Amino acid sequence: MAQLLEMKNISKEFPGVKALSDVSFLLDAGEVHVLIGENGAGKSTLMKILSGNYHQDSGEILIDGEPVAFKSPIDAIRKGVVMIYQELTPEKHLTVAENIFLGKQPVKAGMVDYKSMHSQARGMLDRFGLQHISTKALMNTLSVAETQMIEIVKAASFDARILIMDEPTSALSDHEIDKLFEIVKMLRDQGVGIIYISHKMDEIWRVGDRITVLRDGRYIDTRPLSEVDIDEVIRMMVGRDLSAQFPKEEVEIGGEIMRVEGLDSAEGKFHDISFTLRKGEILGIAGLMGAGRSEVVETIFGIRRKAGGRIFVNGKEVAIKKPRQAMNAGMALVSEDRKGIGLNLKASVKSNITLCYLRELSKGGFMNRKAEVQKTDEEIRALSIKTPDRDQIVSFLSGGNQQKVVVGKWLMTDPEIIILDEPTRGIDVGAKAEIHQIITNMVKEGKGVIMVSSELPEVIGMCDRVLVMHEGELTGEIDRASMTQELIMKYATGEGDQT
């Protein structure tokens with residue numbers, strides 16, 4: 001394969017932070033090159049330099065052996081470098097065709113040639129096997145997976161030679177991931193060089209040819225994926241062995257702490273959900289995207305309305321119509337959307353951690369600032385939150401440390417029941433192990449944990465039981481001894497026996 005891209009000795013410094021130090025990276029045409037590292041390793045900074053969002057302090061970029069200097073993303077696109085970001089930003093109120101050709105619409109007699117635009121868009125969608133998507137559909141009517149596919153088609157419309165994909169599967173189901181990988185491999189076979197960033201260790205070997213590891217802003221190694229295994233990659237990423245990714249300990253499981261009977265969604269998202277949770281237990285909820293998992297826990301917590309059903313805590317029925325009532329009943333919910341719901345990204349670590357505890361910290365309308373500082377510092381130490389100080393703005397923390405802040409916010413309320421919705425989504429393998437240890441510590445204290453997760457190794461590695469949902473119904477309940485990925489997927493696809 002011909003070498004397409006070389007990034008040589010790239011360094012970049014922000015005020016007080018050395019983001020990249022003498023990092024090099026190579027990409028061949030027709031290659032999927034995986035770029036991996038913990039949050040804060042420098043992956044995003046390196047790719048933002050390549051895509052024209054940042055400019056390096058030193059080092060150079062060569063495409064086809066010729067030096068290039070990008071002053072903006074438009075410069076990079078003109079050279080065939082296109083980045084698809086993890087946070088998708090389509091123009092939601094425009095059509096699919098308008099999004100694909102945004103800024104480069106075909107023109108006829110001084111006017112946008114909509115007939116030609118839709119015809120060209122149709123041809124591109126068909127080429128990528130997306131015949132089911134109408135070019136006239138508004139983007140806000142598409143699923144996350146379909147939006148992701150349109151972003152890829154849009155990148156291809158720029159005649160991308162280098163395609164950067166940042167966590168492209170973070171919100172996709174297994175079936176949708178399969179479809180995405182088909183498209184990635186098709187682009188690779190057409191000679192496109194693809195830089196693939198992911199935290200999902202299980203998918204890297206399915207799609208990648210080579211892997212480059214960064215750690216703490218430095219280059220560690222580049223290896224063919226056929227020559228390394230997951231343990232070796234983890235060692236390169238974190239600089240140490242992570243044998244206990246899932247630190248499951250034998251914890252004595254006590255009596256029933258919560259019971260849900262016949263819970264129905266007012267929105268029709270799920271029907272007749274019943275289960276129990278015991279002290280010291282980690283109860284998983286698995287299923288494919290759209291199965292209704294998040295909707296169930298959000299209804300239990302009072303974020304969504306229920307049409308029927310009963311909820312009992314410590315044997316006593318509780319009426320929950322809003323989150324404050326759930327909190328009063330001893331519950332906490334760590335949402336899957338930490339940036340949109342879980343955190344105030346513009347506020348400090350201290351302000352976020354104490355947000356749910358303000359009533360207890362105030363007296364007579366005045367805040368006890370000394371207690372606020374003390375409680376914040378206790379949580380920072382207990383959860384090993386890596387932050388310069390308690391006043392650091394949360395948006396500057398890594399994804400894993402942001403997630404710890406969300407968890408700390410809720411632990412400060414001392415809940416008996418902790419609901420975790422995708423607790424390790426979008427964080428690196430080292431931070432995942434730390435979150436798993438925090439969850440283990442919760443149940444060792446006798447708390448009951450409900451964990452919604454799309455990652456089956458996580459479910460199997462951490463849970464004592466798992467409930468499996470399919471299209472809004474509970475289709476299976478599996479104990480720890482019987483848990484396998486195959487059995488969970490059987491229930492998740494509706495193929496298992498009804499519970």
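Preceding this section is the structure that the text describes.
Rules behind the numbers
- Residues numbered from 1 in each chain as written.
- Predicted model: local features only at pLDDT ≥ 70, side-chain atom pairs only at ≥ 80, totals over all residues.
- Heavy atoms only, no water.
- Helix = DSSP H or I, 4+ residues; strand = E, 2+ residues; numbered from the N terminus.
- Rg over C-alpha atoms; globule rule 2.2 N^0.38 Å.
- Buried < 20%, exposed > 50% of the residue type's maximum accessible area, 1.4 Å probe, protein only.
- Contact = heavy atoms within 4.5 Å.
- Phe/Tyr/Trp six-rings, centres within 6.5 Å; stacked < 30°, edge-to-face > 60°.
- Expected span 1.5 Å × (residues − 1).
- Arc of directions from axis to C-beta.
- Pairing = 2+ DSSP bridges.
- Right-handed = clockwise from strand over helix to strand, strands pointing away.
- Core = buried A, V, L, I, M, F, W, Y, C linked by side-chain atoms within 4.5 Å.

Caption draft 1: How the structure looks around the overall build of the protein. In terms of helices and strands, the protein carries 18 helices and 24 strands. In terms of overall dimensions, the protein is globule-like: its C-alpha atoms have a radius of gyration of 24 Å, near the 23 Å expected for 499 residues. The buried share of the protein, reckoned over its 499 residues, is 53%. The long-range fraction of contacts in the protein, counting pairs at least 24 apart against all pairs at least 6 apart in sequence, stands at 66%.

Caption draft 2: Structural view of the packing of aromatic side chains. Counted under the stated rule, the structure contains 2 aromatic pairs. Between F181 and Y196, the ring centres sit 6.3 Å apart and the planes meet at 65°, which makes this aromatic pair edge-to-face. On the criterion of sequence distance, the pair formed by F181 in helix 6 (residues 174–189) and Y196 in strand 10 (residues 193–197) is long-range, its members being 15 residues apart. Using a relative accessible area of 0% as the deciding quantity, one classes Y196 as buried. Plain terms: the ring middles of F301 and W410 are 5.7 Å apart, the flat faces sit at 85° to each other, and that makes the pair edge-to-face. Taken together, the residues F301 in the loop between helix 9 (293–300) and strand 16 (306–313) and W410 in helix 15 (residues 399–411) connect sequence positions 109 residues apart. When its relative accessible area of 3% is taken as the criterion, F301 is described as buried. The class for W410 is buried, based on a relative accessible area of 9%.

Caption draft 3: Local environment of helix 4 (residues 114–127). For helix 4, built from 14 residues, the straight-helix expectation of 20 Å at 1.5 Å per residue is met to within 8% by its first-to-last C-alpha distance of 20 Å. Turning to helix 4, its buried residues number three or more, namely M117, H118, A121, M124 and L125. Projected down its long axis, helix 4 carries its buried residues within an arc of 125°, all on one side. For helix 4, exposure combined with an orientation more than 90 degrees from the buried face picks out K115 and S119. Among the structural elements, helix 3 (96–100), strand 8 (111–112) and helix 5 (144–157) are those in contact with the buried residues of helix 4. A positive phi of about 70° marks G129, the residue just after helix 4.

Caption draft 4: Up close: the pairing of strand 4 (residues 58–63). Inspection of the sheet shows strand 1 (residues 3–14) paired to strand 4 by 5 bridges, in the antiparallel sense. Of the residues in strand 4, the one forming a bridge with L5 is I63.

Caption draft 5: Geometry of the pairing of strand 22 (residues 448–452). Within strand 22, 5 of the 5 residues are buried, which leaves it mostly tucked inside the rest of the structure. Across the two faces of strand 22 the burial is the same, with G448, I450 and V452 and V449 and M451 all buried. With 4 bridges joining them, strand 15 (residues 282–287) and strand 22 adopt parallel strand pairing. Each residue of the ladder has a partner; that of L283, found in strand 22, is I450. Remark: the strand 21 (residues 417–421)/helix 16 (residues 429–444)/strand 22 crossover connection has right-handed handedness.

Caption draft 6: Spotlight on the nonpolar core. Formed by 76 residues in total, the largest nonpolar core has its most connected members in M258, F275, I300, M331 and I488. Top contributing element to this core by residue count: helix 16, with 6 residues. What M258 contacts, discounting residues up to four positions off in sequence, is F275, T276, L277, I300, I311, F312, V313, M331, I417 and I450. Membership of the second largest hydrophobic core comes to 52 residues, among which are L142, F181, V213 and I234.

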